[in-house]
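Structural description and commentary
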Amino acid sequence: MPETKPTTTDDIRNLLAHLLAGAAGEDEAHWLKLIGPVTALPIIDAPRSNWRIEPKGKPGEVEAIEKAAEVVRLAYPYVPSPRAGGAAR
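Residues numbered from 1 in each chain as written. Predicted model: local features only at pLDDT ≥ 70, side-chain atom pairs only at ≥ 80, totals over all residues. Heavy atoms only, no water.

**Looking at helix 1 (residues 9-24)**
The following threshold applies: A helix here means a DSSP run of H or I that spans at least four residues, while a strand means a run of E at least two residues long, and both kinds are numbered starting from the N terminus. Given the number of residues in a helix, its expected span is that number minus one, multiplied by 1.5 Å. Between buried and exposed lies partly exposed: a residue is buried under 20% and exposed over 50% of the maximum accessible area for its type, with that area taken using a 1.4 Å probe on protein chains only. Contacts: residue pairs with any heavy atoms within 4.5 Å of one another.
The first and last C-alpha atoms of helix 1 sit 22 Å apart over 16 residues, in line with the 22 Å expected at 1.5 Å per residue. Residues of helix 1 that are buried include every one of T9, I12, L15, L16, A17, L20 and A21, and no others. Looking at the buried residues of helix 1, the elements they touch are helix 2 (28-35), strand 1 (39-40), strand 2 (51-52) and helix 3 (59-75). Following helix 1 by one or two positions, G25 has its phi on the positive side, about 85°.

This is the structure in structure tokens:
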């Protein structure tokens, strides 16, 4: 994976999958399914970080995803904010 700053929700999702594949095993496709979509929120409503995930899977998988999201969120808390009227993906 190139060493560039993630700038979209898809970039965040791919980064999470890449990190999880390296740290927890399985392939990136497995983790992409469990991470699900990354949703961008208006920054005004989410000042600490404007993206969220709703992971699924076994309890250990969800825990791994949430830990990876914490790490990624510290480094990359923001993606482009959606315009008024709804969340962007």
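**Comments concerning the nonpolar core**
What counts, and what does not: As used in this record, nonpolar core signifies buried Ala, Val, Leu, Ile, Met, Phe, Trp, Tyr and Cys residues forming a set joined through side-chain atoms within 4.5 Å.
With 19 residues, the main nonpolar core has I12, L16, W31, I35, W51, I53 and I65 as its most contacted residues. Where this core is concerned, the elements lending two or more residues are helix 1, helix 2 and helix 3. For this core, the element with the highest residue contribution is helix 1, accounting for six residues. Once residues within four sequence positions are removed from consideration, I35 is found in contact with R13, L16, A17, L20, I53, E54, P55 and I65.

**Considerations on helix 2**
As a reminder of what qualifies: Taken from the helix axis, the directions to the C-beta atoms give the arc we talk about.
Among all positions of helix 2, only W31, L32, L34 and I35 are buried. Seen from one end, helix 2 has its buried residues packed into an arc of 170°, which puts them on one side. Residues of helix 2 that are buried in the fold lie against helix 1 and helix 3.

**Things to note about the packing of aromatic side chains**
Keep this limit in mind: Pairing of aromatic side chains here covers Phe, Tyr and the six-membered ring of Trp, requires ring centres within 6.5 Å, and sorts the geometry by plane angle: under 30 degrees stacked, over 60 edge-to-face, intermediate tilted. Geometrically, a lysine NZ or arginine CZ counts as sitting over a ring once it is within 6 Å of the ring centre and also within 35 degrees of the ring normal.
Tallying each qualifying case throughout the model produces zero aromatic pairs. The residue whose ring lies beneath R73 is W51, and the NZ or CZ to ring-centre distance is 4.0 Å.

**Remarks on the pattern of salt bridges**
Heads up, the condition is: Salt bridges, as used here, are contacts in which a Lys or Arg side-chain nitrogen is within 4 Å of a carboxyl oxygen on Asp or Glu.
On inspection of all chains with the given rule, the structure shows two salt bridges. A salt bridge links R52 to E54; the nearest nitrogen and oxygen atoms lie 3.8 Å apart. Among the salt bridges present, the one from E63 reaches K67, with a minimum N-O distance of 3.1 Å. A residue pair is termed a helical-turn pair when its members lie 3 or 4 positions apart in one helix, as E63 and K67 do in helix 3 at four residues. Overall, the relative accessible area of 48% leaves K67 in the partly exposed class.

**Concerning the packing of helix 1 against helix 2**
What counts here: Orientation is described by lines fitted to C-alpha atoms, with helices fitted over the stretch in contact, and by angles between N-to-C directions that extend from 0 to 180 degrees. Angles are sorted into four bins: roughly parallel if under 35 degrees, roughly antiparallel if over 145, roughly perpendicular if 65 to 115, and oblique for all others. If you view the pair so one helix is near and one far, a crossing is left-handed when the near helix is turned anticlockwise from the far one by less than a right angle, and right-handed when it is turned clockwise. Each residue gets one label: Ala, Val, Leu, Ile, Met, Phe, Trp, Tyr, Cys and Pro are nonpolar, Asp, Glu, Lys and Arg are charged, and the others, such as Gly, are polar.
Across the interface, helix 1 lies against helix 2 with an axial gap of 8 Å and an inter-helix angle of 125°. Judged by the angle between their axes, helix 1 and helix 2 are oblique. Relative to helix 2, helix 1 is oriented so that their crossing is right-handed. Residue-level inspection shows R13, N14, L16, A17, H18, L20, A21 and A24 of helix 1 in contact with helix 2, the latter providing E28, W31, L32, K33 and I35. Residue classes in the contact of helix 1 with helix 2 are distributed as eight nonpolar, two polar and three charged.

Functional significance is not addressed by these values, which are geometric in nature.
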